[in-house]
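Spelled out from the first residue to the last, the chains are:
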Amino acid sequence: MSVSVLGLEAQPVQQWQVHKLQGEEVLLRAWAEPFPGRCVITARWPQGHVFYRPSQGVYDPMLLAESVRQAVPLLSHAVYGAPREHKQAWEHFSFAIEPLASLVTTAEEEVRLVLSCSDVVRRGGRFAGMTMDIEVHLGERLMGTALTRFNNQPAAIYRRLRGSYADTGAALARCLPAGPPVEPHRVDRRSPDDVVLSPAPGGGPGQWMLRVDPAHPVLFDHAVDHVPGMLLLEAARQATHAVVGGDGAEVVTGMRTNFARYVEFDAPAVVLAGEPVRDGTGRRRLDVSIEQHGVRVFTSEVTVEPLIGL
């Protein structure tokens, strides 16, 4: 059944297309392709989401990130013909939001993603990856932009790339026990169950262990063979709050992230955060990285801004 998006004939988003088992975690609603390489997607951001809660009256920026994450498999399957069993993986992801345009209002507003697709790669006729440039509109406001590059792999190639880690059940069975959480208020969280950082034994300031709990109902909506990208982004966000203060006086308004390698369940991963540096505009930026087996597997430059005027 078709629906309308900005007056365009659109298709409803199917749950499997965004790789979610829980229907309430599907943020995207409908999509349309007005012309090749240009897509419009509507979404809904619940104000009372159990994990991505507003803070200081501003939508959680991870809702934007999760919306883009869902757009990756959606367009791969629905527009570019990737079969259901194909796997997508982030290479780069960045976003920037405007805090004043991110305010939660009394009425739930429609979210609209306007996507431009470029650098599309095909190998032997199959879709292999692309870059997406995204404008994110909240109601009538342009509240943010995002840019991502990802690849798409057939199941057989993915299994060869992952080797012994390709068995999801076996990979999860080797998951190290989750360490104790840092105090939730330090990372702008309410519940210890939602904390993804653990104190590093003997670690100094700006150093934690990645805390992975496969039982988390949102970060692990479905079984996967590696630490999900959204958990890594959440770790960068929480590390930033731990450094600049978890009282909500500053909000994360941007990230520039590289996913260098898969982060595995069976080995400790160290989260490292540098000192914030002011950029002359009232913003502060700091580098967050994750290391496993002594190798840097994830990096993110995180931007924070004060809540002045909000």
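No experiment lies behind these values; they were computed from the predicted model shown.

(A) Fine view of the overall build of the protein chain. Of regular secondary structure, the protein chain possesses four helices and 15 strands. For 310 residues, the compact-globule estimate of 2.2 N^0.38 gives 19 Å, and the protein chain sits close to it at 19 Å. Oriented by its inertia axes, the alpha-carbon framework of the protein chain measures out at about 55 × 50 × 35 Å. Of the contacts formed within the protein chain by residues at least 6 apart in sequence, a portion of 63% connects residues at least 24 apart. Positive and negative side-chain charges of the protein chain, numbering 30 and 35 respectively, have mean locations separated by a distance of 4 Å.

(B) Just helix α1 (residues 61-78), in detail. With 18 residues, α1 should reach 26 Å at 1.5 Å per residue; the first-to-last C-alpha distance of 26 Å fits that figure. Among the 18 residues of α1, 17 are classified as buried, and the element is accordingly described as predominantly covered. A distance of 2.8 Å separates the backbone nitrogen of Met 62 from a side-chain oxygen at the start of α1, and that oxygen is part of Asp 60.

(C) Expanded view of the side chain of Thr 253. Here Thr 253 lies in strand β11 (residues 250-259). The exposure class of Thr 253 is buried, given its relative accessible area of 3%. When residues no more than four places from it in sequence are discounted, the contact partners of Thr 253 are Phe 95, Ala 96, Ile 97, Pro 99, Thr 303, Val 304 and Glu 305.

(D) Inspection of helix α4 (residues 229-244) at higher detail. In this model, α4 (16 residues) spans 23 Å end to end at C-alpha, consistent with the 22 Å of a helix rising 1.5 Å per residue. The buried fraction of α4 is high, at 15 of 16 residues.

(E) Layout of the packing of α1 against α4. Put simply, α1 and α4 touch, their axes get as near as 11 Å, and they point 160° apart. Between α1 and α4, the angle is such that the two are roughly antiparallel. Our pair here, α1 against α4, has a crossing hand that is right-handed. Residues Pro 61, Met 62, Ala 65, Glu 66 and Arg 69 of α1 form the contact with α4, whose participating residues are Met 230, Leu 233, Glu 234 and Arg 237. Partitioned by chemical class, the residues of the contact of α1 with α4 number five nonpolar, no polar and four charged.

(F) Spatial organisation of the pattern of salt bridges. Under the definition given, this model contains 17 salt bridges. For the salt bridge of Glu 234 with Arg 189, the shortest nitrogen-to-oxygen distance reads 3.1 Å. Of this pair, Glu 234 sits in helix α4 while Arg 189 sits in the loop between α3 (168-173) and β9 (197-199), and the two are 45 residues apart along the sequence. On the accessibility criterion, Glu 234 (1% relative accessible area) is buried. Judged by its relative accessible area of 9%, Arg 189 falls in the buried class. Here Arg 283 and Glu 305 are joined by a salt bridge, their closest N and O atoms 2.9 Å apart.

(G) Examining the environment of Phe 51 more closely. When you line up the elements, Phe 51 lands in the loop between β4 (38-44) and α1. For Phe 51, a relative accessible area of 1% gives the class buried. Note: C-alpha distance between Phe 51 and Asp 193 (142 residues apart in sequence) is 9.9 Å. In contact with Phe 51, other than residues within four places in its own chain, are Asp 60, Arg 189, Asp 194, His 216, Val 218, Leu 219 and Glu 234.

Criteria and thresholds
Residues numbered from 1 in each chain as written. Predicted model: local features only at pLDDT ≥ 70, side-chain atom pairs only at ≥ 80, totals over all residues. Heavy atoms only, no water. Helix = DSSP H or I, 4+ residues; strand = E, 2+ residues; numbered from the N terminus. Rg over C-alpha atoms; globule rule 2.2 N^0.38 Å. Contact = heavy atoms within 4.5 Å. Lys, Arg positive; Asp, Glu negative; His and termini not counted. Charge placed at Lys NZ, Arg CZ, Asp CG, Glu CD. Expected span 1.5 Å × (residues − 1). Buried < 20%, exposed > 50% of the residue type's maximum accessible area, 1.4 Å probe, protein only. Polar contact = N/O pair within 3.5 Å; in protein donor to acceptor, adjacent residues only side chain to side chain. Axes fitted to C-alpha atoms, helices over the stretch in contact; angles between N-to-C directions. Parallel < 35°, antiparallel > 145°, perpendicular 65-115°, else oblique. Left-handed = near helix turned anticlockwise from the far one by under 90°. Nonpolar A, V, L, I, M, F, W, Y, C, P; charged D, E, K, R; others polar. Salt bridge = Lys/Arg side-chain N within 4 Å of Asp/Glu carboxyl O.

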